[in-house]
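Residue-level structure breakdown
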Amino acid sequence: MELPKNCDRLNSHNPSLDKWLRVLIVVVLVLGIFFRFANLGQKIYWIDESYTSLRISGYTESELIQEVGDGQVRNIKYLQKYQRLNSEKTLVDTVKGLALEEPQLAPLYFVATRFWVQLFGDSVAVTRSMSAVFSLLALPCMYWLCLELFESSLTAWLAVSLLAVSPFQIVYAQEARPYSLFVLVILLSSAVLLRAMRLKTNSSWAIYAATVALGFYSHLLFALVLLGHGIYVAISENLRFNKTVIGYLLAAIAGFIALSPWTVVYLKNSQNVSHKTAWMFVKTPLSNLVKHWVLNITKQFFDVGFYSDLPRLYFLFIIPVILIILIIVGYSFYLLLSQTERRVWLFVMTLTWVTVAIFLPPDLIRGGIRSINTRYMIPCYLGMQIAVAYFLAVKMTSPQVTMQLQKLWRLALAALLSIGIISCCIYLPADYWWNKGRSYMNIPIARTLNSASRPLLITDWGENNVNKLGDLFCLSYLINSQANFLILPPKMVEIPQDFNEIFLYAVSTKSKTEIEKNTRNGIQTIYELKN
């Protein structure tokens, strides 16, 4: 097999560097494991995660709406029925609920998590721990991928270290959603593809076909990863129709055949898909897109919240850090393109830029926020981290770099890992983070309700029942059992009088007007819910 241009350089041994790196890597890996599993139940259980528990329980939105939307007063903890496993629903109900109401979500994560909570319990921490396990398994897959790609253990270990303490990876390792599984299958399938191209055996291509099917059932956006793999194989083979191309095509076809049952489900319930993904098409100014692109790249290495209410001095501090990270990422791709052979740089470029090429143009031309959704851009971010790992490996070992500069680059590696570690330390004790969306507003709302005496929370059904249901689930984790709730059915505005304090939660303008007409007391605004 032909070696990369820098293969010998990257594999050269420097005893003092090896010892220093071993200590650093061990520390970083231990911290990475700790960050993934520490305080798993700390963050607010937000809308998307509550829907994960709804799917795992086997209930559907329609069942919930029909049962609790009857105008009866119930204890807030009653909603936990739809967040827990029970004897009424089976695994079949979990898959059926996804198929009917959210077919854009592949079922593997939800099936695996249901088995997981059956074994270990259905608390918030246990439910989230499934994602943490997937994120942990991604680390050896990153090592394998970089070893196949660069044939350099140094580059592989650096990539693993960056992934281990990446704030972005830690955030999604602690979220009960399928994104850490998506990271895992991307790295696994990519490593298996490179192995199949190297060995050129039927068994290696069969294993790759299995990872393609696994990828599809983990996340439907794996199709973009497969597309990147196809472009890579075609160009690597100089557009010749040979055994390698045939192996890839057969594996891809096998993966699509395996996905065909879910494809039928997706097409049959595509109307629900359009409704659930309508948020992607919200138009946003170009300046806002650029800001999020920059911050999302930075979050791979440095993330301390980026909230708008932080002091100005804070922003003056982080702007230089953001600029340095952007320069490092940009120069890493330049170095990759200029100093590695085609089979190396082409793979990283296709992994990184195919997703960008699919999502960015529609946002710029027709409007939308696909390209600033970090969950969709995961392949792109993994490619960036691989490029940076190669960049640091070259700078730390290149004979063209003086020993003094090599030491500086070692310090740069330590600094890059340190800001990731600092970010994770800030993230862990927080009650919410940027990935929780508007659910952070439920924290002060819950505090208000918990301080009230026999409170009643009233809401109604409207156009956006998805968020409202998720918010109610979220509140059911935060509010004491003394609180009750009432969901007004259509044309009903009667308010029970035997409660000390009554709170209206995201009621429609029409219902609010009717309530004001039928109540003796006025309505006072405490919190404004943001969309």
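Data block above holds the structure.
Residues numbered from 1 in each chain as written. Predicted model: local features only at pLDDT ≥ 70, side-chain atom pairs only at ≥ 80, totals over all residues. Heavy atoms only, no water.

**Quick word on the pattern of salt bridges**
Applying the stated criterion across every chain yields a total of 18 salt bridges. Among the ionic pairs, Arg-74 bridges to Asp-70, the shortest N-O distance being 2.9 Å. Among the residues examined, Asp-70 registers a relative accessible area of 35% and is labelled partly exposed. Of the charged contacts in the structure, one is a salt bridge between Glu-341 and Arg-343, with a shortest N-O distance of 2.6 Å. Judged on exposure class, the residue Glu-341 and its partner Arg-343 are both buried. One continuous salt-bridge network, built from bridges that share partners, spans Glu-49, Arg-128, Glu-175 and Lys-436. (Salt bridge = Lys/Arg side-chain N within 4 Å of Asp/Glu carboxyl O. Buried < 20%, exposed > 50% of the residue type's maximum accessible area, 1.4 Å probe, protein only.)

**A short note on the nonpolar core**
In terms of nonpolar packing, the biggest core is built from 121 residues, with Met-142, Leu-158, Leu-187, Tyr-208 and Ile-386 touching the most fellow members. Element by element, the count of residues in this core is highest for helix H18 (residues 378-397), at 15 residues. Residue contacts for Met-142: discarding those within four places in its chain leaves Ala-159, Val-160, Leu-163, Leu-187, Leu-382 and Ile-386. Listed in part, the 27 residues of the second largest apolar core include Tyr-59, Ile-445, Leu-475 and Ile-487. (Core = buried A, V, L, I, M, F, W, Y, C linked by side-chain atoms within 4.5 Å. Helix = DSSP H or I, 4+ residues; strand = E, 2+ residues; numbered from the N terminus. Contact = heavy atoms within 4.5 Å.)

**Considerations on the packing of helix H17 (residues 342-365) against H18**
In a packed pair of helices, the relevant descriptors are the angle between the two axes and the axis-to-axis distance. The N-to-C vectors of H17 and H18 enclose an angle of 150°; their axes lie 7 Å apart at closest approach. Considering how the two elements wind past one another, H17 and H18 form a crossing that is left-handed. Contact residues: H17 offers Val-348, Leu-351, Thr-352, Thr-355 and Val-356, while H18 offers Pro-379, Cys-380, Gly-383, Met-384, Ile-386 and Ala-387. For the contact of H17 with H18, the residue count by class is eight nonpolar, three polar and no charged. (Axes fitted to C-alpha atoms, helices over the stretch in contact; angles between N-to-C directions. Left-handed = near helix turned anticlockwise from the far one by under 90°. Nonpolar A, V, L, I, M, F, W, Y, C, P; charged D, E, K, R; others polar.)

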